[in-house]
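Observations on chain architecture
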Amino acid sequence: MKKSTLWALALCLATATSAAAQAQPKPRFFNNAELMSIGSYYYPEQWPHDNWARDIKKMAEVGFQFTHFGEFAWSFIEPEEGKFDFAWLDEAVGLAHQNGIKVIMCTSTPTPPAWLAQKHPEILMVNAEGRTMQHGSRQQISWSSPVYRQYVARMVEAIGKHYGQDKRIWGWQLDNEPSHYGQYDYSPAAQASFRRWLQAKYQTLDALNKAWGTAFWSIRYNDFAQVLIPNQKELIAQPSPHAVLDFKRFSADEANDFLSAQYTILRKYLAPSQWITTNLMPEHVDVDPTRITGLDFLTYTKYLVAGYDNGTGPQGFRLGSATSIAFANDLFRSFNGTTGVMELQPGQVNWGKFNPQPLPGAVRMWIWHAFAGGNRFVCNYRFRQPLTGGEQYHYGIIGTDGVTPSTSGQEYIRVIKELKQVQQQYTPKAPVPAAYRRRQAAVLYNADNRWEMDNQPQTDQWSFMLHLKHYYGALKQAGAPVDVITEAKDFARYPVLVAPAYELLDRPLVARWKQYLEQGGHLILSARTGQKERTGKLWEAKWAEPIHDLIGASISMYDLLPSWVAGTVEAGGKTYKWNNWADVLEPQPGTEVWATYSNQFYSGKAAVVSRRLGKGTVTYVGPDTDDGALEKEVIRRVYERAGIAIENLPDGVMLDWRDGFWVGVNYGEKPYTVAVPAGAKVLVGERVLQPAGVVVWQ
């Protein structure tokens, strides 16, 4: 069978699988009229028993609608092997119910008890340095360990049997932030599981050797038992990039398998109304949300202010970036239309690079921003600030005295009251405003591209997520509703489609892009796109040749500059700066040049090109800028050519529509007056958005 036929067959199978999954009827878990519920984590096992009634009563008094039990409680649920104790948890669930609070029940898999690690040290993960992680924290276990899986299955089954038909339980969370927090597992169990994964994928050693290019440096294998997880700490020079890419894929699949196994057990015992999810960190690359396929829906964790995000302006470090929550909303919602925020920063935290106070109003703004993105619920971590343990400096809704709301707790209380007012104005089936709908855009995302470029960035200035967010942020500043989608989705419903730095692709994807253009879509591609096959192999052709006919140009070379040298680009009488990456383009006849390089030895060469194809257009942006200004201008011009009117929002300001309500938030450094129509009814906030301000109108 020809390779092109195999590609086409694989595409058809993937599309059919995706369509079948989307077509399956899903239980209706949420009441649309409630719009969004707000809740808080509580840990009865961490507090004196005589505090429970007071704390949970206080939770209800301030307005929380649900709470969250048990994700770190395995040693209390199963204090001795095979002996389960639910009496204490039953009491806590009962107190919540008495106070009108629903419960999210969790599986306690991130924190196995000490007796389990003592009896079975083989369950512990091994890091890249060869150190075995030990009991005393969390997430120290190997998802690949068959012994660990057995104990997990028994515990999950016990808790599922106990609470599966309990109407006080609203839903379920599996694990907690399933991840090893930037580390990978190199344990014997993971090594064995990786080999099984490779055998299932490649079937034969010849196929693996070909895909990995093991002729290079005589790496070639003649037995799957010889294959080791690629580990830079154990190698003199760099590992095979193809092996690294597959290991990242395997690790993400292993997380999915670990969660899916729990889901399968739980679902046997649960009432249809109880949903099952997990909470992922949207931009942590080791566990890829797009590969978590076995749950009812996914939720996310979001902490914006911890010294890692400068935001916009001199006080941006107290607000975070406008794209942070927005991107998480638009990625997680796009999987099946349902998502929630399982952990939202409650104020000052303890684990950051530095831990500043959020700007007054920021916490309130984050909650409303989550609402704007379609979330069904927001849960903060946590209700009480802990007095002991590793998170003593981590804010809670209630301070260290156990009764007084913290500053950010007061902001939660305020939003709860505001949301009740908004709920009263809900109109079922409110039509999406036509102008807003016409701007609909999608950002095409595949973690494979990020993994590949993280491994071979070619410059210490390259950041895949910053590059992607230049385009994503420009779309949001244009006032566009955005879905962050995978290739499994239908491109046709999006007037504008952006595929930033889409380095790994195949010819069927290029054919789908071409069909999208011919039918009237507007496609934007950017630096590094189309350089490699899906295995990470460079094409045996001209550089990025599979996209040449699509974009109407070839890529003669790329350039990278040191941080102290600025490359310049001229477009529309303006000058833009870059120094991270630049594809130098050679346009074909009929292709327009929108921007040219204006310094370096290739001055005058094309930097941005665009062409019409069928009823649509395709635009290719060669440089990656630091400030995103060129990318924003390209977005504006693409919409202009498409005849779609857009907004021109300043940095940090976002406007979104949800369920009949407009929501505006301001992460910027200056006030911004929102153009609320004269006849509109402002429900929350003011038309003039101050920094950290919110406005909701109808």
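Data block above holds the structure.
Residues numbered from 1 in each chain as written. Predicted model: local features only at pLDDT ≥ 70, side-chain atom pairs only at ≥ 80, totals over all residues. Heavy atoms only, no water.

Time to look at the overall build of the protein. Of regular secondary structure, the protein possesses 18 helices and 26 strands. Its C-alpha radius of gyration of 26 Å places the protein within 12% of the 26 Å reference for a compact globule of 698 residues. Reported as C-alpha extents along the three principal axes, the dimensions of the protein are approximately 80 × 75 × 50 Å. Burial statistics for the protein: of 698 residues in total, 59% are counted as buried. In the protein, of all internal contacts separated by at least 6 residues, the share reaching a separation of at least 24 is 72%. As displayed, the protein offers around 28000 Å² of accessible surface, 52% of which is attributable to carbon and sulfur atoms. When the 70 positive and 68 negative side-chain charges of the protein are each reduced to one mean point, those points stand 5 Å apart. (Helix = DSSP H or I, 4+ residues; strand = E, 2+ residues; numbered from the N terminus. Rg over C-alpha atoms; globule rule 2.2 N^0.38 Å. Buried < 20%, exposed > 50% of the residue type's maximum accessible area, 1.4 Å probe, protein only. Contact = heavy atoms within 4.5 Å. Areas by Shrake-Rupley, 256 points an atom, 1.4 Å probe, with all protein chains shown as cover. Lys, Arg positive; Asp, Glu negative; His and termini not counted. Charge placed at Lys NZ, Arg CZ, Asp CG, Glu CD.)

The next thing to look at is the pairing of strand β16 (residues 574-587). As paired elements, strand β14 (residues 553-559) and β16 share six bridges and run antiparallel to each other. Note on β16: the bridge partner recorded for D559 is A582. Bridge count for strand β15 (residues 567-571) against β16 is five bridges, and the pairing is antiparallel. Directly across from V569, in β16, lies its bridge partner Y576. Hairpin geometry of β15 and β16 is characterised by an intervening segment of two residues between the two adjacent antiparallel strands and by a positive phi of about 60 degrees at G572. With three bridges joining them, β16 and strand β20 (residues 623-625) adopt antiparallel strand pairing. Bridging from a neighbouring strand, W578 pairs with T625 of β20. (Pairing = 2+ DSSP bridges.)

Now for the pattern of salt bridges. According to the stated counting rule, one finds 38 salt bridges in the structure shown. Close ionic contact of E61 with K57 constitutes a salt bridge, the shortest N to O distance being 2.7 Å. With E61 and K57 both in helix α2 (residues 49-61) and four residues apart, this pair spans about one turn of that helix. Where K605 meets E586, a salt bridge forms, and the shortest distance between an N and an O atom there is 2.9 Å. In this pair, K605 sits in the loop between β17 (592-597) and β18 (606-613) while E586 sits in strand β16, placing the two residues 19 residues apart along the sequence. According to the relative accessible area criterion, K605 is partly exposed, its value standing at 33%. Through salt bridges with shared partners, one network takes in K201, D246, R249, D253, R291 and D448. (Salt bridge = Lys/Arg side-chain N within 4 Å of Asp/Glu carboxyl O.)

Note on sheets: strands pair through backbone hydrogen bonds, and any given pair is parallel or antiparallel. Across the sheet, four strands lie side by side as β21-β22-β26-β24; this open sheet has antiparallel pairing. Two strands bound the open sheet, and with one partner strand each, they are β21 (653-658) and β24 (682-685). With strand direction ignored, the average angle separating the axes of adjacent strands in the sheet is 15 degrees. With four bridges connecting them, strand β22 (residues 661-666) and strand β26 (residues 694-697) associate as antiparallel partners. Looking at the pairing, G664 lines up with V695 of β26. Sitting on the sheet, helix α11 (residues 362-372) touches β21, β22, β24 and β26, and the angle it makes with β22 is about 140 degrees. (Axes fitted to C-alpha atoms, helices over the stretch in contact; angles between N-to-C directions.)

Core analysis: the biggest nonpolar cluster contains 146 residues, and M105 and W366 have the highest contact counts within it. The next biggest cluster of nonpolar side chains, apart from the first, holds 29 residues, and it includes A442, L497, L550 and Y620. (Core = buried A, V, L, I, M, F, W, Y, C linked by side-chain atoms within 4.5 Å.)

Quick look at the pairing of strand β12 (residues 496-499) now. Of the two faces of β12, the one lined by V496 and V498 and the one lined by L497 and A499 are each fully buried. Taking the sense of rotation as the criterion, the β-α-β connection linking β12, helix α16 (residues 507-518) and strand β13 (residues 522-526) turns out right-handed. (Right-handed = clockwise from strand over helix to strand, strands pointing away.)

Here we come to the sheet that holds strand β9 (residues 377-380). Taking strand neighbours across the sheet as the criterion, the nine strands line up as β5-β4-β3-β2-β1-β9-β8-β7-β6 in an open arrangement whose pairing is parallel. The open sheet terminates on both sides in strands that have one partner only, identified here as β5 (275-277) and β6 (279-280). Bridge count for strand β3 (residues 102-106) against strand β4 (residues 169-173) is four bridges, and the pairing is parallel. Residue pairing for β4: I104 is matched across the bridge by G171.

Right, let's get into unusual backbone geometry. The step from Y381 to R382 runs through a cis peptide bond, and the omega angle for that step is 25 degrees. Tracing the chain through its elements places R382 in the loop between β9 and α12 (407-423). Phi at Y181 takes a positive value of approximately 50 degrees, unusual for a residue other than glycine. If you trace the backbone, Y181 turns up in the loop between β4 and α7 (188-202). Accessibility expressed as a relative area gives 31% for Y181, which makes it partly exposed. Phi is positive for D659, which is not a glycine, with a value near 55 degrees. Its location among the elements puts D659 in the loop between β21 and β22.

This part takes up the packing of aromatic side chains. Going through the model one piece at a time under the given rule, you end up with 54 aromatic pairs. Taking 6.3 Å as the distance between ring centres and 50 degrees as the angle between the ring planes, the aromatic pair formed by F29 and F297 counts as tilted. One end of the pair, F29, is in the loop between α1 (3-23) and β1 (37-41); the other, F297, is in the loop between β6 and β7 (298-302), and 268 residues separate them in sequence. Residue classification places F297 among the buried positions, given a relative accessible area of 2%. A network of ring pairs unites the aromatic residues Y184, Y186, F194, W197, W212, Y221, F247 and F250 as a single cluster. When the ring centre of Y381 is taken as reference, the NZ or CZ atom of R382 above it lies at 5.8 Å. Across from the ring centre of W462, 4.8 Å away, lies the NZ or CZ of R528, which sits over that ring. (Phe/Tyr/Trp six-rings, centres within 6.5 Å; stacked < 30°, edge-to-face > 60°. Lys NZ or Arg CZ within 6 Å of the ring centre and 35° of its normal.)

Our focus in this paragraph is empty space enclosed by the protein. A water-sized probe, rolled over the atoms, reveals where empty space remains. Inspection of the entire model under this criterion finds three cavities of 30 Å³ or more. Computed from the structure, the largest cavity encloses a volume of approximately 110 Å³. W143, H180, Y184, D185 and S251 are, among the 13 residues lining the largest cavity, the residues nearest its centre. Split into classes, the residues belonging to the lining of the largest cavity amount to six nonpolar, four polar and three charged. Taken as a whole, the second largest cavity spans an internal volume of roughly 40 Å³. What lines the second largest cavity is simply F30, N31, E34, L35, M36, S37, W170 and R376. Here the lining of the second largest cavity is built from residues that sort into four nonpolar, two polar and two charged. (1 Å grid on protein atoms, 1.4 Å probe; cavity = no way out; pocket = protein on both sides within 12 Å on 5 of 7 lines; lining within 4 Å. Points joined across faces, edges and corners; volume = space filled by probe spheres on them. Nonpolar A, V, L, I, M, F, W, Y, C, P; charged D, E, K, R; others polar.)

One way to put it is that helix α15 (residues 464-477) packs onto helix α18 (residues 629-642) with a least axis distance of 9 Å and a crossing angle of 50 degrees. On the basis of the axis angle, α15 is oblique to α18. Crossing of α15 against α18: the hand is right-handed. Where α15 approaches α18, its residues H470, Y471, A474, L475 and Q477 are matched on the opposing element by E631, K632, I635 and Y639. (Parallel < 35°, antiparallel > 145°, perpendicular 65-115°, else oblique. Left-handed = near helix turned anticlockwise from the far one by under 90°.)

These figures come from the coordinates and say nothing about function on their own.
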